[in-house]
Amino acid sequence: MRRKLKTPRILKISKVEDYKIYCVFNNGEHRMIDFNEFFKEWKLKNKKKDFRYSLLDKKIFKKVSLIDNTLGWESIKKKIKLSNGLEYNVSYELDPIVLFEKSEPDEKRNKENSIGKIIRMARRKAGLTQEELAKKSGTTRYYISRIENDRSDIELGTLRKIIEIGLNRSLNIQVK
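Keep in mind it's a predicted model, so treat the numbers as computed, not measured.

A. Up close: the sheet that holds strand 7 (residues 104-105). Here we have 4 strands laid out as an open sheet, ordered 1-2-3-7, and antiparallel in their pairing. Each edge of the sheet is formed by a strand with only one pairing partner; in this case those strands are strand 1 (10-17) and strand 7. Alignment of strand 2 (residues 20-25) against strand 3 (residues 30-34), held across 5 bridges, turns out to be antiparallel. The partner of Ile21 across the bridge, within strand 3, is Ile33. Set on the sheet, helix 1 (residues 35-42) makes contact with strand 2 and strand 3; between it and strand 3 the angle comes to about 35 degrees.

B. Highlighting the packing of helix 6 (residues 130-137) against helix 8 (residues 156-166). Running from N to C, helix 6 and helix 8 cross one another at 100 degrees; their axes reach a closest spacing of 8 Å. Judged by the angle between their axes, helix 6 and helix 8 are roughly perpendicular. In this structure, helix 6 uses Leu133, Lys136 and Ser137 to contact helix 8, whose residues at the interface are Lys161, Ile162, Ile165 and Gly166. A breakdown of the residues in the contact of helix 6 with helix 8 according to their chemical character gives 3 nonpolar, 2 polar and 2 charged.

C. A look at the pattern of salt bridges. Following the criterion strictly, the structure yields 10 salt bridges and no others. Of the charged contacts in the structure, one is a salt bridge between Arg160 and Glu164, with a shortest N-O distance of 3.5 Å. One end of the pair, Arg160, and the other, Glu164, are both in helix 8, 4 residues apart, so they sit about a helical turn from each other. Since its relative accessible area comes to 38%, Arg160 is described here as partly exposed. A relative accessible area of 32% means that Glu164 is categorised as partly exposed. Members of the salt-bridge network, linked through shared partners, are Arg120, Arg123 and Glu148.

D. A look at the sheet that holds strand 5 (residues 70-81). Here we have 3 strands laid out as an open sheet, ordered 4-5-6, and antiparallel in their pairing. Looking at strand neighbours, the two that pair on one side only are strand 4 (65-67) and strand 6 (87-93), the edges of this open sheet. The mean inter-strand angle of the sheet, taken between neighbouring strand axes irrespective of direction, is 40 degrees. Note that strand 4 and strand 5 share 3 bridges and pair antiparallel. Bridging across to strand 5, Leu66 finds its partner in Leu71.

E. How the structure looks around helix 8. Buried within helix 8 are the following residues: Thr158, Leu159, Ile162, Ile163 and Gly166. For helix 8, the buried positions fall inside an angular range of 125 degrees around the axis, keeping them on one side. Elements that come into contact with the buried residues of helix 8 comprise helix 5 (115-125), helix 6 and helix 7 (141-148). Two residues or fewer past helix 8, Asn168 is found with a positive phi of approximately 55 degrees.

F. Layout of the confidence of the model for the protein. Here the protein averages 89 in pLDDT, while 94% of its residues score no lower than 70. Within the protein, no element has a lower average pLDDT than helix 4 (residues 107-112), which sits at 80, and none a higher one than strand 3, at 96.

Thresholds applied
Residues numbered from 1 in each chain as written. Predicted model: local features only at pLDDT ≥ 70, side-chain atom pairs only at ≥ 80, totals over all residues. Heavy atoms only, no water. Pairing = 2+ DSSP bridges. Helix = DSSP H or I, 4+ residues; strand = E, 2+ residues; numbered from the N terminus. Contact = heavy atoms within 4.5 Å. Axes fitted to C-alpha atoms, helices over the stretch in contact; angles between N-to-C directions. Parallel < 35°, antiparallel > 145°, perpendicular 65-115°, else oblique. Nonpolar A, V, L, I, M, F, W, Y, C, P; charged D, E, K, R; others polar. Salt bridge = Lys/Arg side-chain N within 4 Å of Asp/Glu carboxyl O. Buried < 20%, exposed > 50% of the residue type's maximum accessible area, 1.4 Å probe, protein only. Arc of directions from axis to C-beta. pLDDT = per-residue confidence, 0-100.

Listed below in structure tokens is the structure:
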């Protein structure tokens, strides 16, 4: 299970495709943000005076970057006026909380990186039930089920027990 975020932050932009941005949040989850939904909400079609209108230009949209762990566009400036009367032009950024709430999990990328999927395949290949694997590795069938279904995080020590003792395999972690 992905941990609930207190304050969502974007760690990486993985891909920009059309008006969709694929990114990784600070809970490790890959998510997709469809800006077509924002455009509908903002009703930009005939509002050229709205500074966000330039995002409809795909060349400008693709210049998105990470600014303080959220999405922003350096080329789009927004004028802000402080209570003391001072005015500043700042790069346009979106609230990461709003981005997280309006995004959808990128199931394909999340499953590619799933430890649960790897454990399930190895358990089945070894011809073990969840109950048998749990007994061998000193856990419960319920916990094995939660891991296999990506409903629980797993500590490295527990992973080692499941792989090396329960499955009688060696654990090899690579960073590519």
